[in-house]
Amino acid sequence: MRIQTALAALTLATVGLLGAAGIAAAQDGPDASWGKGQFIANENGAGVAGGQSSVSPDGVSHADFWIWSDDTGVSGSFTGSGATWNNE
């Protein structure tokens with residue numbers, strides 16, 4: 001149960017960081033962002049997953065992740081990509 005409590009705290013911190021990463025820089029031009037997260041904790045284990053994408057005058061980015069904890073241990077994955085450019 002301690003692993004699940006630690007995972008829950010890590011989940012909240014990770015989701016907060018991904019949400020902050022989705023905020024585009026304040027410059028002229030279009031920008032768009034999207035984010036989604038999910039959390040589950042029950043008798044089988046605990047897990048979290050999320051994704052975030054953004055497009056702005058500064059560039060594009062995408063990140064997704066998942067973390068799962070149960071009686072066999074903790075596992076997870078993270079993918080991130082992006083590109084930035086200077087329009088000056």
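Reading guide: rules and limits
- Residues numbered from 1 in each chain as written.
- Predicted model: local features only at pLDDT ≥ 70, side-chain atom pairs only at ≥ 80, totals over all residues.
- Heavy atoms only, no water.
- Helix = DSSP H or I, 4+ residues; strand = E, 2+ residues; numbered from the N terminus.
- Buried < 20%, exposed > 50% of the residue type's maximum accessible area, 1.4 Å probe, protein only.
- Contact = heavy atoms within 4.5 Å.
- Areas by Shrake-Rupley, 256 points an atom, 1.4 Å probe, with all protein chains shown as cover.
- Polar contact = N/O pair within 3.5 Å; in protein donor to acceptor, adjacent residues only side chain to side chain.
- Pairing = 2+ DSSP bridges.

**Student:** Which parts of the structure should I look at to understand the overall build of the protein chain?
**Tutor:** Scanning the protein chain for helices and strands turns up one helix and four strands. Counting helices and strands in the order they occur from the N terminus, the protein chain gives α-β-β-β-β. By the burial criterion, 23% of the 88 residues in the protein chain qualify as buried. For the protein chain, the proportion of contacts with a sequence separation of at least 24, taken over those separated by at least 6, is 42%. Carbon and sulfur atoms form 59% of the exposed surface of the protein chain, whose accessible area is close to 6100 Å².

**Student:** Help me understand the side chain of Ser54, please; the structure alone is not making it clear to me.
**Tutor:** Looking at the secondary structure, you find Ser54 in strand β2 (residues 45–56). Among the polar contacts made by the side chain of Ser54, one reaches the side chain of Ser61 at a distance of 2.8 Å.

**Student:** I keep staring at the pairing of strand β4 (residues 73–84) and nothing clicks. Help me out?
**Tutor:** Side chains on a regular strand alternate between the two faces of the sheet. Note: strand β3 (residues 59–70) against β4, twelve bridges, orientation antiparallel. Counterpart to Ile67 in the pairing with β4 is Gly76.

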